[in-house]
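For reference, the chains in residue letters:
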Amino acid sequence: MVAPAANPDVQRLQNLSRWLAAMCSLLIVALPVAVFAYWALADVAEVTLRAGLSSLAVTAPPQAWQRIAGALITQVPLALLLLGLWQARQCFKLFSAGQIFTARAVRFLRRFAGWVAASVAAGIVAQSAISVVLTLHNPPGLRHLAISLGSDQLFMLFFAGLVWLMAAVIGHGQTLAEENASFV
């Protein structure tokens, strides 16, 4: 007896899911290293701009402790995002195993969306804290607290909401399928 050929669409989905799970693992390792490298190597103008400050707001190049503090502060929203990537990785692993419309997949998608939203909120606070750290050595009256909400944050919140809604739709579809199966 010959085994039926696997559906090529399902195989593509499973292969893509394996690849995305691997990319999530890579990002979980690489992003924290990249943040420390950025804070060690970025020039003053770039760091100042990323903190939501004007180019004239930082009167002296950041000292080593300010760069370390900036890197550590940046790691907080990144850690929340990495928790979200871990959830996405778990979801992709389920997909690669053929478990697509499951309660576990829905939970992982919802958690991913929640961690992304939490990362955005923490990022807004972190950016403000970094603005204070970078201008701490300025003379009194020239220190800054910059609070900003940009299109990147709004897009990420929209994306998190979209994933959350998609997970809810999948969960609802799964519930309906289970109810229909119980009638048969």
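Scroll up to find the structure.
Moving on to the nonpolar core. Counting 32 residues, the largest nonpolar core has Trp 39, Leu 53, Cys 91, Phe 92 and Leu 134 as the members making the most contacts within it. Those elements that place two or more of their residues in this core are helix H1 (8-41), helix H3 (64-96), helix H4 (103-134) and helix H5 (151-183). Each residue touching Trp 39, except ones within four places of it in the same chain, is listed here: Val 47, Gln 66, Arg 67, Gly 70, Ala 71, Thr 74, Ile 130 and Leu 134.

Moving on to the packing of H3 against H4. In a packed pair of helices, the relevant descriptors are the angle between the two axes and the axis-to-axis distance. At a minimum axis separation of 8 Å, H3 and H4 run at an interaxial angle of 170°. Classified by the angle their axes make, H3 and H4 are roughly antiparallel. Its residues assigned to classes, the contact of H3 with H4 shows 25 nonpolar, eight polar and two charged.

Here we take up the environment of Gly 161. Of note, Gly 161 is situated in helix H5. Sequence separation of Gly 161 and Leu 49 is 112 residues, and the distance between their C-alpha atoms is 28 Å.

As a further point, take the pattern of salt bridges. Within this structure, the stated rule accounts for two salt bridges. Where Arg 12 meets Asp 9, a salt bridge forms, and the shortest distance between an N and an O atom there is 2.3 Å. Separated by three residues within a single helix, Arg 12 and Asp 9 lie in helix H1, roughly one turn from each other. On the basis of relative accessible area, Arg 12 is assigned to the exposed category, the value being 52%. Of the charged contacts, one joins Arg 50 and Glu 46 as a salt bridge, the two residues approaching to 2.9 Å between their closest N and O atoms. Here Arg 50 and its partner Glu 46 are both found in helix H2 (residues 44-50), four residues apart, which amounts to about one turn of the helix.

Another aspect to go through is a nonpolar patch on the surface. On the surface, Phe 155, Met 156, Phe 158, Phe 159, Leu 162 and Met 166 cluster together into a nonpolar patch covering about 580 Å² of accessible area. Along the polypeptide, Phe 159 turns up in helix H5. Residue classification places Phe 159 among the partly exposed residues on the basis of a relative accessible area of 30%.

Reading guide: rules and limits
For every chain, the first residue of the written sequence is number 1, and numbering continues from 1 onward in sequence order. The model is predicted, so local features are restricted to residues of pLDDT at least 70 and side-chain atom pairs to those at 80 or more, both for listing and for counting; the totals for chains, interfaces and linings are taken over all residues. Water and hydrogen atoms were dropped before computing side-chain values, which therefore reflect all heavy atoms in the structure. Put simply, a nonpolar core is a bunch of buried Ala, Val, Leu, Ile, Met, Phe, Trp, Tyr and Cys residues held in one set by side-chain atoms that sit within 4.5 Å of each other. Note on exposure labels: buried denotes an accessible area under 20% of the residue type's maximum, exposed denotes more than 50%, and partly exposed covers the range between, all computed with a 1.4 Å probe on protein chains only. Every helix listed is a DSSP run of H or I at least four residues long, and every strand listed is a run of E at least two residues long, numbered separately from the N terminus. Residue contacts follow a heavy-atom distance rule, with two residues in contact if any of their heavy atoms lie within 4.5 Å. In this analysis, axes come from line fits to C-alpha atoms, helices being fitted only over the stretch in contact, and the angle between any two N-to-C directions falls in the range 0 to 180 degrees. With respect to orientation, any angle under 35 degrees is reported as roughly parallel, any angle over 145 as roughly antiparallel, any angle of 65 to 115 as roughly perpendicular, and every other angle as oblique. Asp, Glu, Lys and Arg are counted as charged, while Ala, Val, Leu, Ile, Met, Phe, Trp, Tyr, Cys and Pro are counted as nonpolar; the rest, among them Gly, fall into the polar class. Here, a salt bridge means any side-chain nitrogen of Lys or Arg that lies within 4 Å of a carboxyl oxygen of Asp or Glu. Each patch is built from residues that are more than 30% exposed by relative accessible area and take part in no salt bridge. Like charges join if they lie within 9 Å; nonpolar side chains (Val, Leu, Ile, Met, Phe, Trp, Tyr) join within 5 Å. The method behind every accessible area is Shrake-Rupley, applied with a 1.4 Å probe, and residues are considered shielded solely by the protein chains displayed.

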